[in-house]
Amino acid sequence: MRIISADSGAALLNERFEATSIIAAVAVLVEPPYRLAEKSLAEPIFTTIGNSHELIVHELELCQALLKGTKADVVHLDMSFGGLLMEELSPIQISNISSKARSHILKILPKLRKIAADIKRVYGIEVLAIGKDSVPVRIAELTAGAHAILYAAEKAVDEKTMVCLGMPSKCYARKVEDGVVVHSLTPAEHDIAGFAADKEGVMEKVTFSELLNPCARGFRALELTPKSVNM
Amino acid sequence: MRIISADSGAALLNERFEATSIIAAVAVLVEPPYRLAEKSLAEPIFTTIGNSHELIVHELELCQALLKGTKADVVHLDMSFGGLLMEELSPIQISNISSKARSHILKILPKLRKIAADIKRVYGIEVLAIGKDSVPVRIAELTAGAHAILYAAEKAVDEKTMVCLGMPSKCYARKVEDGVVVHSLTPAEHDIAGFAADKEGVMEKVTFSELLNPCARGFRALELTPKSVNM
Amino acid sequence: MRIISADSGAALLNERFEATSIIAAVAVLVEPPYRLAEKSLAEPIFTTIGNSHELIVHELELCQALLKGTKADVVHLDMSFGGLLMEELSPIQISNISSKARSHILKILPKLRKIAADIKRVYGIEVLAIGKDSVPVRIAELTAGAHAILYAAEKAVDEKTMVCLGMPSKCYARKVEDGVVVHSLTPAEHDIAGFAADKEGVMEKVTFSELLNPCARGFRALELTPKSVNM
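Here the structure is a predicted model, which is why all the values come from computation and not from measurement.

We now examine the interface of chain B and chain A. If you look at the interface, chain B gives 17 residues, while chain A gives 21 residues. For the pairing of chain B and chain A, the buried interface totals around 1500 Å² over both sides, and the portion due to carbon and sulfur atoms is 64%. Taken together, the connections running from chain B to chain A amount to three salt bridges. Where A:R35 meets B:E210, a salt bridge forms, and the shortest distance between an N and an O atom there is 3.9 Å. For the pair chain B and chain A, the number of links is eight residue pairs in polar contact (both at pLDDT 80 or more). Among the elements that make up the side of chain B that touches chain A, the one with the highest residue count is strand 11 (residues 206-212) of chain B (three residues). Here the side of chain B that touches chain A is built from residues that sort into eight nonpolar, three polar and six charged.

The structure is reproduced here in structure tokens:
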């Protein structure tokens, strides 16, 4: 199976280690053995946390954009409804979730169903609301994390300031020759990772140090400091 | 403590990575330090998924069979009711579970209580509904996974076809000189494993490659291909 | 951020691997990168399991004791209420938890709020009910585990008997030159640990062997045997 998926991820953190905005959105194509993205489409978004429930719509649009010129068998969306078809997801089927989450979803459901119907019509493939059960969603999350590091490094260099970035759940970042790799630390995912190519060489312009987010177990943080600045 | 336990496990997967049948059932004897089975009794079952709630009865029968000729202090059954005595488990005590699961359990409860009472009478030991809290249940699960690989390899060779097998949660398989070992990847279980002896040398007749089940995070899959077949 | 936290941990186990009493309480000071305690204050407590809900009060008192002579920015308490301020925690805010847990908490809430108010008045810092989300709480738990090993070893030597100790969740112990280190085995916590200095050299007087607690997945146990005794 060739699977397209998307996610948004990595957050800017304030001095109390609270997330203030989401940095990157990415769509990925994943093929067997489902360990890395074959292709990806990334965007810096820097969306404030309060609006993050709208991100899922943008994620599906990114999947749609990646589908132009990329053959795939199915789309995995980061909404956890046991793999139900997005096109058929109705307000009744989401009646068992909390009322706050439900009201957020009801607002975006028509848009999501519309895009899912478009994808079905144009490419003949389904969009599944599979979320946390999907490996491609996880790979999208890690790939978003890798791109977020590059975007945050750019921000640190541009603004001549230290930037603290909260990584996705249970992963760690590693600088490699041509970019950044984010490896999963979840059990049975030791061989899953996300990659972002550093074409501009921005990682050469920062130092980065990893720490644990003390207020969020399982989440690691990165401090990116421009090399020309003494903090 | 010498503990006897049982589990069924590893599934045949269709091309959409959905489980279609459960391959193996196994009972094990586990002793300190509780890392591997000292003894095991395995069976190919190939039970369709729809009937899998009946498997627990067969698992307890396998425990009973292993008890003939094996001394033990207690039996751990793969039902998660906090370690309650199986013999005393009543419909009232299971009132807090979902109505679908409850109706499945009510159907098999009389059989389970009968076998538990027999075990108590003949061997003087208790059957505990301990499930997910039990290390011996986990060892039974991994041992079932190891035997399932052998049974699936046989099936692949006999039917001259590739077989895709879904492994138990959070584990990976390794071919060793005299059989197959399935290692746990769960935190704090790095030294727990299941083993199946390959007396017929069936693993020599297949190639196997591991991949991630893209639709079920935490679950890995194996593709077993007979060596004489070019897929 | 300089964070003070506390926890109680490690249990004496009976021959059925059931916890009978909690061995140690400890308060810790944790600083970036939040991997080890910079400072700790430990006590042998040997409190029977039935009274363990009172331990949280003692843990906060230990934090208060550590604050004398230790500068910190915030206190993390091992109560999981999403990081709410302890001083403002009201019976209404805990209305969504089980009635048994609620009645335990209501008994100790006035004492906790009183100590939190004292800490605020004297040191100007907040006490957060953050519990399971806090890395410093986890470091306190592992540090309590390390001290508990020393206290249990002393008990084994004094009473000339084998002592079986149930470790905190998902960790393992290692003897080092000058003490004991307890390492986390939780995903993304591979670099978090707790340490206890063995000033009396008590670990030289015992042998210790690790096993898995067969009735509690994720929990490992240690058998400590005085060297002069043949068990």
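Attention now goes to the sheet that holds strand 8 (residues 171-176) of chain A. Residue and element names in this part refer to chain A. One open sheet holds the three strands; their spatial order is 8-9-10, and the pairing between them is antiparallel. Edge positions in the sheet fall to strand 8 and strand 10 (193-197), since each of these pairs with one other strand and no more. Pairs of neighbouring strands in the sheet enclose a mean axial angle of 20°, with direction left out of account. Here six bridges tie strand 8 to strand 9 (residues 179-184), and the two strands are oriented antiparallel to one another. The residue bridging C171 from the neighbouring strand is S184, located in strand 9. Sitting on the sheet, helix 3 (residues 135-159) touches strand 8, strand 9 and strand 10, and the angle it makes with strand 10 is about 35°.

Below, the discussion takes up the pairing of strand 1 (residues 3-13) of chain B. All names here are of chain B. With 11 of 11 residues buried, strand 1 lies mostly within the body of the structure. One ladder, built from 10 bridges, connects strand 1 with strand 2 (residues 19-30); its direction is antiparallel. Looking at strand 2, one finds that L12 is bridged to S21. Linking two consecutive strands that pair antiparallel, namely strand 1 and strand 2, is a turn of five residues; a positive phi of about 65° is found at F17 within it. With two bridges connecting them, strand 1 and strand 7 (residues 163-169) associate as antiparallel partners.

What counts and what doesn't
- Residues numbered from 1 in each chain as written.
- Chains lettered and ligands numbered in written order.
- Predicted model: local features only at pLDDT ≥ 70, side-chain atom pairs only at ≥ 80, totals over all residues.
- Heavy atoms only, no water.
- Contact = heavy atoms within 4.5 Å.
- Buried area = accessible area lost by both parts, 1.4 Å probe.
- Salt bridge = Lys/Arg side-chain N within 4 Å of Asp/Glu carboxyl O.
- Polar contact = N/O pair within 3.5 Å; in protein donor to acceptor, adjacent residues only side chain to side chain.
- Helix = DSSP H or I, 4+ residues; strand = E, 2+ residues; numbered from the N terminus.
- Nonpolar A, V, L, I, M, F, W, Y, C, P; charged D, E, K, R; others polar.
- Pairing = 2+ DSSP bridges.
- Axes fitted to C-alpha atoms, helices over the stretch in contact; angles between N-to-C directions.
- Buried < 20%, exposed > 50% of the residue type's maximum accessible area, 1.4 Å probe, protein only.

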